[in-house]
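# An overview of the molecular structure
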Amino acid sequence: ARLVPERRLSTQLNFYRGRGPEQWYEDVPAFASLRYVGVWPGIDIVFHERDGVVEYDVVVHPGADPLDLTLRCEGADSMRIDGGRLVVATSIGECRFAPPETFEVLTSGDRRLESDYALRGPDEFGFDVEGWSGSGDLVIDPGLAYSTLLGSLGADAAFCAKKTRSKTKTF
């Protein structure tokens, strides 16, 4: 996949790490979203902020199949669907994802579609979508409803969009 920044913001960032200017970065541009183009053939994933929370949208372009998309929750002890929400249980608590909002982007305007989470393995899920004509981009927008804050005074790291041999991606 190729990372493409979108919608440059007027904000610029500075990072001062270490003791010398060779480790400092000034006037780094900021963007409203980052798009991973071609995570699967014809499928992109767009990361963006909404109400202070980082979210992602899955964009399926005409000719691609949304059933090809399978996401893996690394570190999940179990997963279930509860009232349309995806619930991911981990050793430190649960993450609850709101039911996905799904629509097709058409020249005549966006058309809302019905969609649900679909469990595809003990730590894998995808989406079932009804009524997509395939004429416009399909946008699947799962929202984070609740999660436990993870952090410490030590080093923390997050890894996402890791390519595997199968059609599964790790987030």
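Heads up: the structure comes first, above all this text.
Note on numbering: residues in each chain are counted from 1, in written sequence order. A pLDDT threshold of at least 70 governs which residues receive local features in this predicted model, and a stricter bar of 80 or more applies before side-chain atom pairs are shown or counted, although totals over entire chains, interfaces and linings include all residues. As a convention, hydrogens and water are excluded, and side-chain values are obtained from all of the structure's heavy atoms.

### Some points on the overall build of the chain
Quick note on the threshold: By definition, any uninterrupted DSSP run of H or I lasting at least four residues is a helix, any uninterrupted run of E lasting at least two residues is a strand, and each is numbered from the N terminus. Buried means the residue's accessible area, taken with a 1.4 Å probe over protein chains only, is under 20% of the maximum for its type, while exposed means over 50%, and partly exposed covers the values in between. Throughout, a residue-residue contact means that at least one pair of heavy atoms, one from each residue, lies within 4.5 Å. Here the accessible surface of atoms and residues is derived via Shrake-Rupley with a 1.4 Å probe, and residues count as covered only by protein chains that are part of the display.
If you tally the helices and strands in the chain, you get zero helices and 13 strands. The order of helices and strands in the chain, counted from the N terminus, is β-β-β-β-β-β-β-β-β-β-β-β-β. Scored against the burial criterion, the 171 residues of the chain give a buried share of 33%. If you take every contact in the chain between residues at least 6 apart in sequence, the share linking residues at least 24 apart comes to 50%. As displayed, the chain has an accessible area near 10700 Å², and 52% of this comes from carbon and sulfur atoms.

### A few points about the nonpolar core
Our working definition: Take the buried residues of types Ala, Val, Leu, Ile, Met, Phe, Trp, Tyr and Cys, join any two whose side-chain atoms come within 4.5 Å, and each joined set is a nonpolar core.
Grouped together as the largest cluster of nonpolar side chains are 25 residues, with contacts concentrated most on Ile45, Tyr56, Val58, Leu71, Phe125 and Phe127. Only strand 2 (24–40), strand 3 (43–50), strand 4 (53–60), strand 7 (85–90), strand 9 (111–121), strand 10 (124–130) and strand 11 (137–146) provide two or more residues apiece to this core. In this structure Val58 touches Ile43, Asp44, Ile45, Leu69, Phe127, Leu138, Val139 and Ile140, once residues within four positions along its chain are discounted.

### Focus on the pairing of strand 8 (residues 93–105)
If a strand is regular, its side chains alternate between the two faces of the sheet. In plain terms, the rule: Pairs of strands are assigned from DSSP output, requiring at least two bridges between the strands.
Two elements, strand 7 and strand 8, share five bridges in a ladder whose sense is antiparallel. Looking at the pairing, Ala89 lines up with Glu94 of strand 8. The antiparallel pairing of strand 7 with strand 8 creates a hairpin that spans two residues between the two strands. Bridge count for strand 8 against strand 9 is three bridges, and the pairing is antiparallel. Bridging across to strand 9, Phe103 finds its partner in Arg112. The turn joining strand 8 and strand 9, which pair antiparallel and follow one another in sequence, is formed by five residues; a positive phi near 125 degrees is taken by Gly109.

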